[in-house]
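# Breakdown of the fold
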Amino acid sequence: MDVHTKKQRSYNMSRIRNRDTKPEIMFRKFIWAKGIRGYRTNAKLKGRPDLYFLAKKVAVFIDGCFWHQCPDCFKAPKTNKKFWREKIHQNINRDLKTDISLKKQGINPIRFWEHQVKKEPEECYKELLQRIS
Ligand SMILES: [Zn+2]
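How each quantity is defined
- Residue positions within a chain follow its written sequence, with the count starting from 1.
- It should be noted that, the model being predicted, local features are given only for residues of pLDDT at least 70 and side-chain atom pairs only at 80 or more, the latter also being counted only at that level, while totals for whole chains, interfaces and linings use all residues.
- Heavy atoms from the whole structure form the basis of all side-chain values; hydrogens and water molecules are not counted.
- Counted as coordinating are nitrogen, oxygen and sulfur atoms within 2.8 Å of the metal, or 3.2 Å for Na, K and Ca, while water is not included, which may make sites look incomplete.
- Only four donors with every angle between 85 and 135 degrees are called tetrahedral; only four or six donors with opposite donors over 155 degrees apart and all others between 65 and 115 are called square planar or octahedral, in that order; all others are irregular.
- We count a stretch as a helix when DSSP gives it H or I for four or more residues in a row; a strand needs E for two or more, and each element gets its number in order from the N terminus.
- Given the number of residues in a helix, its expected span is that number minus one, multiplied by 1.5 Å.
- Relative accessibility under 20% of the residue-type maximum defines a buried residue, over 50% an exposed one, and the middle range a partly exposed one, all with a 1.4 Å probe and only protein chains included.
- For this analysis, residues touch if any pair of their heavy atoms sits within 4.5 Å.
- Each pair of strands is called paired provided DSSP finds at least two bridges between the two strands.
- Every axis corresponds to a line fitted to the C-alpha atoms, with the helix fit spanning only the stretch in contact, and the corresponding angles, defined between N-to-C directions, vary from 0 to 180 degrees.
- A pairing counts as a salt bridge when a side-chain nitrogen of Lys or Arg comes within 4 Å of a carboxyl oxygen of Asp or Glu.
- Positive: Lys, Arg. Negative: Asp, Glu. His and the chain ends are not part of the count.
- Distance and chemistry together define a polar contact, namely a pair of N or O atoms within 3.5 Å, with one atom able to donate a hydrogen and the other to accept it when in protein, and with adjacent residues in sequence counting only for side-chain atoms on both sides.

### Details of the coordination of the zinc ion
Around the zinc ion, the protein supplies Cys 65 (SG), Cys 70 (SG), Cys 73 (SG) and His 115 (ND1) as donor atoms, at distances of 2.0 to 2.4 Å. Each of the 4 donor atoms around the zinc ion contributes to a set of angles spanning 104 to 119 degrees, which defines the coordination as tetrahedral. When the donor residues of the zinc ion are listed from N- to C-terminus, their spacing reads C-x4-C-x2-C-x41-H. Residue Cys 73 is located in the loop between β3 (58-63) and α2 (81-104), and its partner His 115 is located in helix α3 (residues 114-119); the two are separated by 42 residues in the primary sequence.

Structure, rendered in structure tokens:
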């Protein structure tokens, strides 16, 4: 077993993970600068929301445009089509179930697309503000 290769691989994987969480971190910084407080980032709720405003019972999800099939940016992969289609449909179904289950608990879910957070953070912030005010 080549330890070095293994290390390198886990380094690469952590880089990929970091890239995946970037919109969420960006948005957190953005709303923090606007003075938004009172949320948790690791709330143990269904669907593991990116932000959870405990007092307001608002759960914020930032959905990856690929993984959740954004109508604006999603492009189906050219290879392993069946695999990806099933995988992404599972995600979408899980999102729907998550929203229903949260609403049953009196929690209000908000979903932003990754591209919205990247391109229009101000709009996302305004929408969030309305929901938590
Ligand atoms: Zn998108």
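Still to come is the rest of the account.
### Describing α2
For an α-helix the count is 3.6 residues per turn, leaving residues at separations of three or four pointing the same way. If you check α2, its first and last C-alpha atoms are 35 Å apart, about what 24 residues at 1.5 Å a residue would give, namely 34 Å. Among the residues of α2, Ile 88, Asn 91, Asp 95, Thr 98, Asp 99 and Leu 102 are the ones counted as buried. Buried-residue contacts for α2 involve β3 and β4 (108-113). Gly 106, located one to two residues past α2, shows a positive phi value of around 80 degrees.

### With respect to the sheet that holds strand β2 (residues 51-53)
The strands making up a sheet associate through backbone hydrogen bonding, with each pair oriented either parallel or antiparallel. Taken in spatial order, the 4 strands make up an open sheet running β1-β2-β3-β4, and their pairing is mixed. Lying at the two open borders of the sheet, with one neighbouring strand each, are β1 (39-40) and β4. Where β2 meets β3, 3 bridges bridge the pair, whose relative direction is antiparallel. Bridge pairing links Leu 51 to Val 60 in β3. Across the sheet, α2 touches β3 and β4, and the angle it forms with β4 is around 150 degrees. Here helix α4 (residues 121-132) sits on the sheet and contacts β2, β3 and β4; the angle it forms with β4, its principal contact strand, is near 180 degrees.

### Digging into the pattern of salt bridges
Note that side chains of opposite charge can pair when their charged atoms are close. Under the definition given, this model contains 8 salt bridges. Among the ionic contacts, a cluster of salt bridges with common partners joins Asp 63, Asp 95, Asp 99 and Arg 111.

### Topic: the environment of Ile 107
Mapped onto the secondary structure, Ile 107 falls in the loop between α2 and β4. In this structure the C-alpha to C-alpha distance between Ile 107 and Leu 54, which are 53 residues apart in sequence, comes to 9.2 Å.

### Focus: the side chain of Asp 50
Residue position: Asp 50 is located in the loop between β1 and β2. No salt bridge is formed by the buried Asp 50; the nearest opposite charge belongs to Arg 28, separated by 6.5 Å. Engagement of the side chain of Asp 50 in a polar contact is seen with the backbone nitrogen of Ile 62, the distance being 2.7 Å. Once you skip the residues sitting within four places of it in the chain, Asp 50 turns out to touch Glu 24, Arg 40, Thr 41, Val 60, Phe 61 and Ile 62.

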